[in-house]
Amino acid sequence: MTHWSTGSPAAHWSTGSPAADWSAASPAADWSVAAWTAGWTVVADWLGAVSLVAGALLSLAAAIGVLRFPDTLSRMHAATKPQVLGVLLLLLGLSLRLRTLADLGMVVLVGIFQLATAPVAAQMIGRAAYRAGRVDRRLLDADELAER
Amino acid sequence: MNDLLAVIIAGLLSVTALLALIRLYRGPSLMDRVVAADMLLATIVGAVGAEAAINRHATTLPVLVVLALLGFVGSVSLVRFAAREQP
């Protein structure tokens with residue numbers, strides 16, 4: 001974050017002639033294709049970095065939930081977040097920083113696997129936890145498996 | 001920017017993996033351990049992907065595919081094993 005402090009406007013205004021400093025501070029806009037592509041890669045890099053950090057933060061929040069929640073079903077509820085949204089955000093950041101079509105195909109494959117397999121595993125874990133009696137009934141609003 | 005990003009993401013994902021390991025150690029039943037192991041594997045998928053994103057290489061992308069399938073197979077087989085153990 002050093003370029004924010006060096007590029008502060010007070011440093012330019014204190015040097016005397018404002019016109020010369022203004023033209024030096026903002027050069028003429030370059031509308032060529034090469035400049036546009038360079039700007040796009042910078043934006044994609046920053047968006048990728050933001051999604052990587054967001055995915056890692058979501059994984060951390062889910063880990064706190066897995067550690068703190070009282071029973072198996074609420075822990076499953078917390079553990080779903082890094083499995084789906086956290087991994088998808090991290091894969092979005094990965095594809096925004098790699099920017100190749102072949103890598104994008106592989107990353108989409110990983111995302112589809114996560115999206116397709118997480119509900120099946122969660123269903124099996126939840127049903128097994130219910131049958132083993134690992135459910136805190138005071139935390140349930142409705143028990144739709146009670147009469148079966 | 002890359003160094004700062006690497007430090008931030010390594011710290012966040014390390015704490016995530018540590019908390020999942022604590023739940024894996026403490027979990028009162030096998031189901032809690034399966035949930036924690038599944039979350040630990042999702043964290044590892046995220047960590048491998050973040051490392052590939054920071055260093056801009058694509059050599060570990062097949063590892064991501066294998067890990068995404070391995071988590072499913074592992075948790076489903078463990079739950080089947082546990083369901084057979086219970087009366």
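Residues numbered from 1 in each chain as written. Chains lettered and ligands numbered in written order. Predicted model: local features only at pLDDT ≥ 70, side-chain atom pairs only at ≥ 80, totals over all residues.

A. Region of interest: helix 6 (residues 101-131) of chain A. Residues and elements named next belong to chain A. Compared with an ideal rise of 1.5 Å per residue, which puts 31 residues at 45 Å, helix 6 spans 46 Å between its outermost C-alpha atoms and is within 8% of the ideal. Of all the bends in helix 6, the greatest, near 25°, is centred on Thr-117, and the proline Pro-119 appears no more than four residues after it. Of the residues one or two after helix 6, Gly-133 is the one with positive phi, at around 80°. (Helix = DSSP H or I, 4+ residues; strand = E, 2+ residues; numbered from the N terminus. Expected span 1.5 Å × (residues − 1). Bend = angle between axes of the 7 residues up to and from the residue.)

B. Representation of the interface of chain B and chain A. Contacts between the two partners involve 42 residues from chain B and, on the opposite side, 45 residues from chain A. Elements supplying a minimum of two residues to the side of chain B that touches chain A: helix 1 (2-26), helix 2 (30-55) and helix 3 (61-85) of chain B. Ranked by residues supplied to the side of chain B that touches chain A, first place goes to helix 2 of chain B with 15 residues. Here the side of chain B that touches chain A is built from residues that sort into 31 nonpolar, seven polar and four charged. (Contact = placed C-beta atoms within 7 Å. Nonpolar A, V, L, I, M, F, W, Y, C, P; charged D, E, K, R; others polar.)

C. Broad picture of the nonpolar core. Core analysis: the biggest nonpolar cluster contains 60 residues, and Val66(A), Ile125(A), Val35(B) and Met39(B) have the highest contact counts within it. If one sorts the elements of this core by residue count, helix 2 of chain B sits on top with 16 residues. (Core = buried A, V, L, I, M, F, W, Y, C linked by C-beta atoms within 7 Å. Buried ≥ 20, exposed ≤ 12 C-beta atoms within 10 Å, placed from the backbone.)

D. Structural detail: the packing of helix 4 (residues 33-68) of chain A against helix 5 (residues 72-98) of chain A. Residues and elements named next belong to chain A. Where helix 4 meets helix 5, the axes come as close as 8 Å, and the angle between the chain directions of the two elements is 165°. Classified by the angle between their axes, helix 4 and helix 5 sit roughly antiparallel to one another. In this structure, the crossing between helix 4 and helix 5 has a hand that is left-handed. Tallied by class, residues from the contact of helix 4 with helix 5 come to 17 nonpolar, seven polar and four charged. (Axes fitted to C-alpha atoms, helices over the stretch in contact; angles between N-to-C directions. Parallel < 35°, antiparallel > 145°, perpendicular 65-115°, else oblique. Left-handed = near helix turned anticlockwise from the far one by under 90°.)

E. Region of the structure containing the packing of helix 5 of chain A against helix 6 of chain A. Residues and elements named next belong to chain A. Between helix 5 and helix 6, the least distance of the axes is 10 Å, while the angle of their chain directions is 180°. Here helix 5 is positioned roughly antiparallel relative to helix 6, judged by the angle of their axes. Of the residues in helix 6, those in contact with Thr-72, Leu-73, Met-76, Thr-80, Gln-83, Val-84, Val-87, Leu-88, Leu-91, Leu-94, Ser-95 and Leu-98 of helix 5 are Asp-103, Leu-104, Val-107, Val-110, Gly-111, Gln-114, Leu-115, Ala-118, Ala-122, Ile-125, Gly-126 and Ala-129. Its residues placed into classes, the contact of helix 5 with helix 6 shows 16 nonpolar, seven polar and one charged.

F. Inspection of helix 5 of chain A at higher detail. Residue and element names in this part refer to chain A. Between its terminal C-alpha atoms helix 5 stretches 38 Å, which fits the 39 Å expected from 27 residues at 1.5 Å a residue. Of all the bends in helix 5, the greatest measures close to 35° and is centred on Gly-86. Helix 5 sits mainly inside the fold: 23 of its 27 residues count as buried. At the exit of helix 5 stands Arg-99, carrying a positive phi of roughly 60°.

G. Just the environment of Thr16(B), in detail. One can find Thr16(B) in helix 1. Between the C-alpha atoms of Thr16(B) and Met39(B), which are 23 residues apart in sequence, the distance is 9.2 Å. The contacts of Thr16(B), once residues within four sequence positions are left out, are Ser59(A), Leu60(A), Ala63(A) and Thr43(B).

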